[in-house]
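# Summary of the model geometry
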Amino acid sequence: MKKLNLLLIAVFTSIITIAQTGPAGIGNSSDNFIWLDANTLNVSNGASIASWRDTSGNDNDAIQAITGNQPIFETNSKNGFPSVHFDGTDDYLDLSTHSTTDEIYFMSVFSHTNDGTGTIFNNENHALFSSSDKVFGFYASPAEYLVQTKVKSNYEMLSFFTSNAISGDFDITNNTNRTTSTRSSFNSFTASSIGMIKNGSNTYVNPLNGNISEIIAYNREITDVERVIIRTYLAAKYDLPVLSDFYNFNYRSTHKHGLIGVGFFNGQSHDESRGQGNVLIKNPTSLDVQFDFLNIGHDNSGFGTNTSSLPASVVEKWDQTWRVGRLGNPGQVDLEFFLESNGFASINDYVLLIDSDGDFSSGATVFETGRIFSASNNSITFTGITFSDGDYFTLAEKDPNPTAIADGDWENTSTWSCACVPDATLDVTIPATFDVTINELADAKSVSIASGGSLTIGGFDTLQVSEGLTINGSFNSGGNGTLIGNGSSPQFFTNSSGSNVSLNHLVANNSSTLFFTGGWTISNSLHASSGTLNVTGDGSVVLLSNASSTAQVLESSGSFTGNFTVQRYIPATPSNYGDISSPITNATVASIDD
């Protein structure tokens, strides 16, 4: 019976000038020569592992063609992540390419149950073993060892480093315990393997009884700041203690996946990280003080979209969210989202949602600053972002149609959620509490005024609407404003405010039909320049007349349908006199136009 254990080994390196696609955003395929992650194995629990794919980009897979020597896959080994179990008898994997690097940095999270020596990993020059209550590096020929304590059966994080000098530094760290020494010479193993080691007689010996979840190795010494970020990545993923932890333990329960980070430590900075996820952090503005760090992990929810918990100006967002761990003052950062096949909006409608509690429907910041689309990367970048510790964020799509977000002028971009000026292609919404004023020719596809909202046409200005106008709040055309319905298909102007809407000039320029419902009054002129103006619905259209002016129907090429009320102001007359007229029927406005 195979016993569940875990071993994770990782070595990390960082080259800032090249894309940081290695684990935790440290290094890339040029220096991260192997990365084995059990979570990438798409097999069922108990399946034999003939090949463990290398995700470093070097195709250095760990393989075993002999069925009886194949380790098995085990699910839910540590913090919800799987592992590969070696049986302590004859299970092992060989690397596709023998590693001959002198300098190496290697990390692991693992568990073992063997009392005798069990092989974790070896390449040509170095070997790492576990035994009972310790782990040790076999780093010289003749044999010399550097030993570190380890609790048997516990999952722990192991790192191992040695330089490329014949007499070089040697470092082994297990969880929070660190031991250093000086190596005197290299080994000369003939194969790179995991789980067992090939001796000078070409026999595989020292089998591991334990589990390995991840193996990562670099062919260079990584910097102190890179070590901190990598160890934070592994600690968050497998819920383990580390020498220095810069990602809050409270965040690990949900956002433990794919951690990447930037930071400053021991005089060294790391200022760009992507890993193998869809987000790149770059250009921190203030990495210059010890312990300035910004790390992010995600909840692995994927790149579908949803419409839940959204602010009013946003229509959908990615399912996946990220959470920020911030320490010190890393300053502002830029984020680049790689869309790949997961795009869901027009390039100008992408926004970044940032929220302190993960409920984006209230209190969220809709961030658009510096939005740049890269066709070559198929990516969206936002610049100058300031995060607080614990912030959540995700990529979202704003409603391309403008919604008023402040009192202001129609032609002022700061009035609208789209940061644009509405035009004839857009549906405009004015929510409650906001007052918008038109000070020049304004166009919209449709306009909806909520109860408590208001729209005013100032001066001699005009609003042209090609589809619907819905009024539940206040609409005021002023003393000289003009409202034009200029559609080409049936359109509806609906007053549901409960009070008459007062218009100054009304032009029906719809080649089909403009329908009016609700109560409307016109104080200056009515012109049906095209199509039909239809008021057969509820309410009425009243042409006003008073002592100072009388609304008139201008000569029209269009037609009128429905009941219009035309007022005629009659001033006070001397006693005993009055105006007398005879009734008329079947008359047109033109026949009585004087």
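Just so we're clear, the structure is a prediction, and the values are computed from it rather than from any experiment.

## Here's the deal with the overall build of the protein
Helix and strand counts for the protein come out as 1 helix and 51 strands. The burial tally for the protein puts 52% of its 594 residues in the buried class. Pairs at least 24 residues apart make up 59% of the contacts formed inside the protein by residues separated by at least 6 positions.

## Concerning the side chain of H298
Within the element layout of this structure, H298 appears in strand β25 (residues 292-298). Apart from residues lying up to four places away in sequence, H298 is in contact with T254, H255, K256, H257, G258, Q320, T321 and W322.

## Notes on empty space enclosed by the protein
The final tally for this structure, using the stated rule, is 1 cavity of 30 Å³ or more. Approximately 30 Å³ is the volume found for the largest cavity. Forming the walls of the largest cavity are I104, F106, F121, H126, A127, L128 and F160. Elements represented by at least two residues in the lining of the largest cavity include exactly β8 (104-112) and β10 (127-131). Among the residues making up the lining of the largest cavity, the classes are represented as 6 nonpolar, 1 polar and no charged.

## Some thoughts on the state of the cysteines
According to the stated counting rule, one finds 1 disulfide in the structure shown. The partner cysteine of C418 in its disulfide is C420, sulfur to sulfur 1.9 Å. Between C418 and C420, the S-S dihedral sits near -85°, and the bridge is therefore left-handed. The buried category is assigned to C418, whose relative accessible area is 8%.

## Quick word on the packing of aromatic side chains
Applying the stated rule across the entire model yields 23 aromatic pairs. Between Y92 and Y204 the ring centres are 4.0 Å apart and the planes differ by 20°, which places this aromatic pair in the stacked class. Note that Y92 is positioned in the loop between β6 (81-87) and β7 (93-95) and Y204 in strand β18 (residues 204-205), a separation of 112 residues in sequence. Aromatic pair W410 and W416: ring centres 5.4 Å apart, planes at 80°, arrangement edge-to-face. An identical accessibility class is assigned to W410 and W416; each is buried. Linked through ring pairs, F303, W318, W322, F337, F344, Y350, F382, F387 and F393 together constitute an aromatic cluster. Over the ring of F81 we find K237; its NZ or CZ atom is 5.2 Å from the centre of that ring.

## Examining the nonpolar core
One broad trend across soluble globular proteins is that nonpolar side chains are buried collectively. Counting residues in hydrophobic clusters, the biggest one holds 35 residues, and the most contacted among them are W410, L455, L463, F475 and F516. The element that contributes the greatest number of residues to this core is strand β46 (residues 501-517), accounting for 6 residues. Those residues within four positions of F475 in sequence are excluded, and the remaining contacts are I449, L455, I457, L463, L483, V501, S502 and L503. Y155, V228, F246 and Y251 belong to the second-largest nonpolar core, a separate cluster that totals 30 residues.

## Section: the pattern of salt bridges
Using the criterion set out here, one finds 10 salt bridges in the structure. With a shortest N-O distance of 3.5 Å, E340 and R274 are connected by a salt bridge. Here E340, found in the loop between β29 (333-338) and β30 (350-355), pairs with R274, found in the loop between β23 (272-273) and β24 (279-282); they are 66 residues apart in sequence, far enough to count as distant. On the accessibility criterion, E340 (47% relative accessible area) is partly exposed. In this structure, K398 and E368 form a salt bridge, with 2.9 Å as the shortest nitrogen-oxygen distance.

## Observations concerning the sheet that holds β23
Within the open sheet, the 5 strands sit side by side as β23-β24-β29-β33-β32. Their pairing is antiparallel. Each end of this open sheet is capped by a strand with a single partner; those strands are β23 and β32 (372-374).

## A look at the environment of H112
For H112, the position within the fold is in strand β8. Distance from H112 to S130, taken between C-alpha atoms, is 7.2 Å for residues 18 residues apart in sequence. A polar contact of 2.6 Å, which involves the side chain of H112, links it to the backbone oxygen of S132.

## A closer look at the layout of surface pockets
Space inside the second largest pocket adds up to approximately 580 Å³. Taken together, 29 residues line the second largest pocket, and the ones lying closest to its centre are G258, Q276, G277, H298 and N300. Contributing elements (two or more residues each) for the lining of the second largest pocket: β2 (32-37), α1 (224-238), β21 (257-265) and β25. Per-element accounting of the lining of the second largest pocket gives the leading share, 4 residues, to β21.

## Quick word on the environment of T100
Here T100 is to be found in the loop between β7 and β8. C-alpha of T100 to C-alpha of E124: the two residues are 24 residues apart in sequence and 5.1 Å apart in space. When sequence neighbours within four positions are dropped, the list of residues in contact with T100 reads N123, E124 and N125.

## Here's the deal with the side chain of N122
Secondary-structure assignment places N122 in strand β9 (residues 118-122). The buried category is assigned to N122, whose relative accessible area is 0%. Here A191 takes part through its backbone oxygen, which lies 2.8 Å from a polar atom of the side chain of N122. One polar contact links N122 to S193, side chain to side chain, over a distance of 2.7 Å. Residues within four places of N122 in sequence aside, it is in contact with A127, F189, A191, S192, S193, M196 and I197.

## Describing unusual backbone geometry
Even without being glycine, D59 reaches a positive phi, approximately 55°. Mapped onto the elements of the fold, D59 is located in the loop between β3 (51-52) and β4 (62-63). In this structure D59 comes out as exposed when scored by relative accessible area, which is 58%. With a phi close to 55°, N206 is a non-glycine residue in the positive phi region. With respect to the helices and strands, N206 occurs in the loop between β18 and β19 (209-212).

Conventions used here
- Residues numbered from 1 in each chain as written.
- Predicted model: local features only at pLDDT ≥ 70, side-chain atom pairs only at ≥ 80, totals over all residues.
- Heavy atoms only, no water.
- Helix = DSSP H or I, 4+ residues; strand = E, 2+ residues; numbered from the N terminus.
- Buried < 20%, exposed > 50% of the residue type's maximum accessible area, 1.4 Å probe, protein only.
- Contact = heavy atoms within 4.5 Å.
- 1 Å grid on protein atoms, 1.4 Å probe; cavity = no way out; pocket = protein on both sides within 12 Å on 5 of 7 lines; lining within 4 Å.
- Points joined across faces, edges and corners; volume = space filled by probe spheres on them.
- Nonpolar A, V, L, I, M, F, W, Y, C, P; charged D, E, K, R; others polar.
- Disulfide = S-S within 2.5 Å.
- Phe/Tyr/Trp six-rings, centres within 6.5 Å; stacked < 30°, edge-to-face > 60°.
- Lys NZ or Arg CZ within 6 Å of the ring centre and 35° of its normal.
- Core = buried A, V, L, I, M, F, W, Y, C linked by side-chain atoms within 4.5 Å.
- Salt bridge = Lys/Arg side-chain N within 4 Å of Asp/Glu carboxyl O.
- Pairing = 2+ DSSP bridges.
- Polar contact = N/O pair within 3.5 Å; in protein donor to acceptor, adjacent residues only side chain to side chain.

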